[in-house]
Amino acid sequence: MIKKTLLLIFFTGLLFANDTNKFNEGKQVFDKWCIHCHGVGMPATDALSIVYKDTEISPVLEERKNLDKSFIEYVVRNGRFSMPFFRKIEINNKQLESLAFYLSTKNR
Amino acid sequence: MSENKKMILPHKVNEKDFLNAIKEFEKVVGKEWVYKEEEDINLYRDAYSPCWDEPQEPIPSLAVAPKEVEEVQEIVKIANKYKIAIFPISTGKNLGYGSSAPNNRGDVVIDLKRMNKIIEVNDKRNFCILEPGVSYFDLYEYCEKNNLNVMMDMPDPGWGSPVGNSLDHGWGYMYGQYRDHFGAHCGMEVVLPNGELMRTAMGALPGSKTFAENKYGYGPYVDGLFSQSNFGIVTKMGFWMMPKPEHYTLAVLTVPKRDDLIPLVEIMNYLEDSSIIGWPLYRSPLNPEYGKAMNPELKSYLTSKNGKPDIDKIQDYALRNKIPYWKIDIPIYGNKDSVEANVNYIKQRFSKAIDGAEIEVIEDYDLPLTKEQKKSLKHKVTLGIPNLEIFWLSTRGENFAPKDGHVWFSPIIPRDGKELLKCQEIYIDTFHELGMESMITPFSHPRTWMYRAFCFMIGFANSREDKEINEKMRNVYNTMVKVAAKHGWGDYRAGPVFQDAVSGVYNFNDSILKRFAEQLKDTIDPNGIIAPGRGGIWPKRLRGEKND
């Protein structure tokens, strides 16, 4: 029993460590590629503030509560309006997963 | 490669050869850095393509991403072996001018993004040497981390590459000699179409210590051949950098009348060409704020004279409402005393020449700037701080529909007030003849980054949803190229779809410039493998087929 509990704590710890790394990597990707348009007062934020006018939804991506992971991944690879899509040499699949993890879990 | 999908092949290359070439590319750079799946290749499409999803849209067949110069040389040799057209990109952010897509469907993109070494930044002799994958953001971060007292002149979007931007004749925002990014480069390393490595100017002297300081070395100056063209793959470039000033001021000049532009430009040219001021940003406050609708009364005057603008009524509207007709932001660099003296001198010059001219200082800083000052700076690029704020241009406003991007039409016109007003008139007439709402008004301003000339740009909207919009836009663009050329104005830059049209009007003496370039092309790239059609230069094997 004790052994099992210890093992569980050990693996949960690993999981947290993994998540922390993922979260931090996601933030780094955001700071390198996204914040210049999606930061406070930046053009994409201004555009989204018109889209989300009269709603509870924040135009600032880092303040969003319910951002969907797959939506983030879709937009990065497909673009949206004047936002272009990003090549894998810029944001690879692992980094994209971390970015989506960061944005979808940050305010949960 | 997805088996069920039809593979895009390089032009005139069979599938068997292409598959063999892919294997050879993989051997050179590693499998990881050869992108061949459709979902990966699609990311090299131009998000702002003027022919999105049409058969002629230039989608590559493959993308290969080398890390070292030697790998680029090997790639070029393989391309020669199979006669595969290859198209180099640096950071691939040339939005509005082609982005990361090649000139033709099926060309193999050579993505140099991984070649991102900052080889040297020297803040005593004020230069840097960079690989193509280095972005303005990267270089800025490096300079700031190392506390270097230099700044790089840059275009609006900071994610671009100094190498790529200068090779496409990009411009920036500081003193004129730095704003001309190709002009501010010094020294090049190029992989030639046969795979040989060449260094130009001082770089040709083994062990030279002034690669990025003397542009010429000895002998012919050949660097120009590698810009807006297809004579080689540039793998290193030197650039001259500007020392950070001790003091920075932003003054704002306003004048009340449309015709004030004529003496204004003359004085501004004097101040610019004497290095008294940096980049003057011309605007008209008659244009509504970002995303807002134009005042309906003013808007009505744009078509109230037989469908064309009533200039007297517009002028009267501006005077009645005390809206200055023109407004110019003027950055001044130096030390505190010299900047103050220059501001006073500028005030005198304009107030003597133009009734009602007013100058106000709106920013006045000692450097280094604090974090807050940097953040609030009106024109970050004038102090070499990279950003992406320019994208306000294409994001959604309150009163215009979202659009997917833009395509720039960018003719060079004289730096002369009268000529600008004439240019407005010609464009307005052209839109009128085309039966479209004019994108140009009698208060449309010139773009002034092009040192010693104006650029009078139009950003045409494109769509990823509606092919008709794109087709119409391409027609208008091509008409505009011809109309501009008739008046002595030619584009400085264009996306792949328009490069034949744009280069086609530079046709003095039976297009001798083009014929000269083609002769060179056939000599140094006999297999025609590097970027066929780039800059309107086609290799012999494709000439006549894609070129008129």
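On a predicted model such as this, the values are computed, not experimentally measured, just so you know. (Residues numbered from 1 in each chain as written. Chains lettered and ligands numbered in written order. Predicted model: local features only at pLDDT ≥ 70, side-chain atom pairs only at ≥ 80, totals over all residues. Heavy atoms only, no water.)

A. How the structure looks around the overall build of chain B. Along the backbone of chain B there are 15 helices and 20 strands. A globule of 548 residues ought to have a C-alpha radius of gyration of about 24 Å, and chain B, at 24 Å, matches this closely. On the principal axes, the C-alpha backbone points of chain B span a range of 75 × 55 × 45 Å. Buried positions account for 56% of the 548 residues belonging to chain B. A fraction of 72% describes how many contacts in chain B between residues 6 or more apart in sequence connect residues 24 or more apart. Total accessible area on chain B stands at roughly 23,600 Å², and carbon and sulfur atoms take up 50% of it. Within chain B, one finds 69 positive and 76 negative side-chain charges whose respective centroids are separated by 2 Å. (Helix = DSSP H or I, 4+ residues; strand = E, 2+ residues; numbered from the N terminus. Rg over C-alpha atoms; globule rule 2.2 N^0.38 Å. Buried < 20%, exposed > 50% of the residue type's maximum accessible area, 1.4 Å probe, protein only. Contact = heavy atoms within 4.5 Å. Areas by Shrake-Rupley, 256 points an atom, 1.4 Å probe, with all protein chains shown as cover. Lys, Arg positive; Asp, Glu negative; His and termini not counted. Charge placed at Lys NZ, Arg CZ, Asp CG, Glu CD.)

B. Inspection of the nonpolar core at higher detail. Residue and element names in this part refer to chain B. Formed by 59 residues in total, the largest nonpolar core has its most connected members in Leu-253 and Phe-350. Not counting the four nearest positions on each side in its chain, Phe-350 is found in contact with Leu-253, Leu-264, Ile-267, Met-268, Leu-271, Ile-330, Ala-357 and Ile-359. Judged by nonpolar contacts, the second largest core, of 39 residues, contains Met-154, Trp-171, Phe-182 and Ala-517. (Core = buried A, V, L, I, M, F, W, Y, C linked by side-chain atoms within 4.5 Å.)

C. Representation of the packing of aromatic side chains. Residues and elements named next belong to chain B. Going through the model one piece at a time under the given rule, you end up with 23 aromatic pairs over all chains. Aromatic pair Tyr-427 and Trp-489: ring centres 6.4 Å apart, planes at 80°, arrangement edge-to-face. Linking Tyr-427 in helix α12 (residues 417-433) with Trp-489 in the loop between α13 (467-486) and β20 (490-491), this pair joins segments that are 62 residues apart in sequence. This pair shows no difference in class: Tyr-427 is buried, exactly as Trp-489 is. Every member of this aromatic cluster is reached through a ring pair, and the members are Phe-409, Tyr-427, Phe-456, Phe-460, Tyr-477, Trp-489 and Phe-498. We note Arg-45 situated over the ring of Trp-52; from NZ or CZ to the ring centre the distance is 3.7 Å. Just above the ring of Trp-52 sits the side chain of Arg-464; from NZ or CZ to the centre is 5.8 Å. (Phe/Tyr/Trp six-rings, centres within 6.5 Å; stacked < 30°, edge-to-face > 60°. Lys NZ or Arg CZ within 6 Å of the ring centre and 35° of its normal.)

D. Structural detail: the sheet that holds strand β17 (residues 411-413) of chain B. Strand order in the open sheet formed by 3 strands is β18-β17-β20 (chain B), with antiparallel pairing between adjacent strands. Both edges of this open sheet fall to β18 (454-455) and β20 of chain B, since each of them pairs with a single strand only. (Pairing = 2+ DSSP bridges.)

E. Region of the structure containing the confidence of the model for chain B. Summary statistics for chain B give a mean pLDDT of 95 and a share of 97% for residues scoring 70 or more. Scored as a whole, the predicted complex attains pTM 0.95, and scored at its interfaces, ipTM 0.93. (pLDDT = per-residue confidence, 0-100.)

F. Just unusual backbone geometry, in detail. Residue and element names in this part refer to chain B. The omega torsion across Leu-367 and Pro-368 is 0°, close enough to zero to call that bond cis. Relative to the elements of secondary structure, Pro-368 occurs in the loop between β15 (358-366) and α11 (371-376). At His-169, a residue that is not glycine, the phi angle is positive and equals roughly 60°. Turning to its location among the elements, His-169 is positioned in the loop between α5 (162-167) and α6 (176-179).

G. Local environment of the UniProt feature "domain: Cytochrome c" (unreviewed entry) in chain A. Sites flagged by UniProt as "domain: Cytochrome c" (unreviewed entry) map to residues 21-106 of chain A. For residues 21-106 of chain A, the helix share is 58%, the strand share is 0%, and the end-to-end C-alpha distance is 13 Å. (UniProt positions renumbered as here; feature names shortened; annotations may be inferred.)

H. Inspection of the packing of helix α7 (residues 261-273) of chain B against helix α10 (residues 336-353) of chain B at higher detail. Residues and elements named next belong to chain B. Across the interface, α7 lies against α10 with an axial gap of 10 Å and an inter-helix angle of 155°. With respect to each other, α7 and α10 are oriented roughly antiparallel. Remark: the crossing between α7 and α10 carries right-handed chirality. The segment α7 lies against α10, with Leu-264, Ile-267, Met-268, Tyr-270 and Leu-271 engaging Tyr-345, Ile-346, Arg-349, Phe-350 and Ala-353. Residues of the contact of α7 with α10, tallied by class, amount to 9 nonpolar, no polar and 1 charged. (Axes fitted to C-alpha atoms, helices over the stretch in contact; angles between N-to-C directions. Parallel < 35°, antiparallel > 145°, perpendicular 65-115°, else oblique. Left-handed = near helix turned anticlockwise from the far one by under 90°. Nonpolar A, V, L, I, M, F, W, Y, C, P; charged D, E, K, R; others polar.)

I. Quick peek at the side chain of Ser-100 of chain B. Assignment of secondary structure puts Ser-100 of chain B in the loop between β3 (86-89) and β4 (108-111). What makes Ser-100 of chain B buried here is its relative accessible area of 2%. Leave out the neighbours within four places in its chain, and Ser-100 of chain B touches Arg-87 of chain A together with Leu-43, Tyr-44, Arg-45, Ile-89, Gly-92 and Val-109 of chain B.

J. Looking closely at the pairing of strand β14 (residues 326-334) of chain B. All names here are of chain B. Within β14, 7 of the 9 residues are buried, leaving the element largely enclosed by the surrounding structure. Examined bridge by bridge, strand β13 (residues 281-283) and β14 share 3 bridges and lie antiparallel to one another. Looking at β14, one finds that Tyr-282 is bridged to Ile-328.

K. Spotlight on the environment of Pro-155 of chain B. Residue and element names in this part refer to chain B. Counting through the fold element by element, Pro-155 comes out in the loop between β7 (150-151) and α5. It is 9.7 Å that separates the C-alpha atoms of Pro-155 and Ile-390, two residues lying 235 residues apart in sequence. When neighbours within four sequence positions are excluded, Pro-155 is seen to be in contact with Tyr-136, Asn-165, Trp-171, Tyr-173, His-181 and Val-381.

L. Here's a closer look at the interface of chain A and chain B. Contacts between chain A and chain B engage 23 residues on the former and 40 residues on the latter. Buried surface at the junction of chain A and chain B, both sides included, amounts to about 2,500 Å², of which 66% is carbon and sulfur. It is Phe-85, Arg-87 and Ile-89 of chain A that lose the most area in chain A upon contact with chain B, and together they represent 28% of the buried surface on that side. Inspection of the chain A/chain B interface yields 5 salt bridges. Taking the shortest distance from any N to any O, the salt bridge between Lys-32 of chain A and Asp-138 of chain B comes out at 3.6 Å. Counting the contacts that link chain A with chain B gives 7 residue pairs in polar contact (both at pLDDT 80 or more). Of all the elements in the fold, those that place two or more residues in the side of chain A that touches chain B are α1 (2-38), α2 (43-51) and α3 (69-78) of chain A. When the residues that make up the side of chain A that touches chain B are grouped by side-chain class, the tally is 13 nonpolar, 4 polar and 6 charged. (Buried area = accessible area lost by both parts, 1.4 Å probe. Salt bridge = Lys/Arg side-chain N within 4 Å of Asp/Glu carboxyl O. Polar contact = N/O pair within 3.5 Å; in protein donor to acceptor, adjacent residues only side chain to side chain.)

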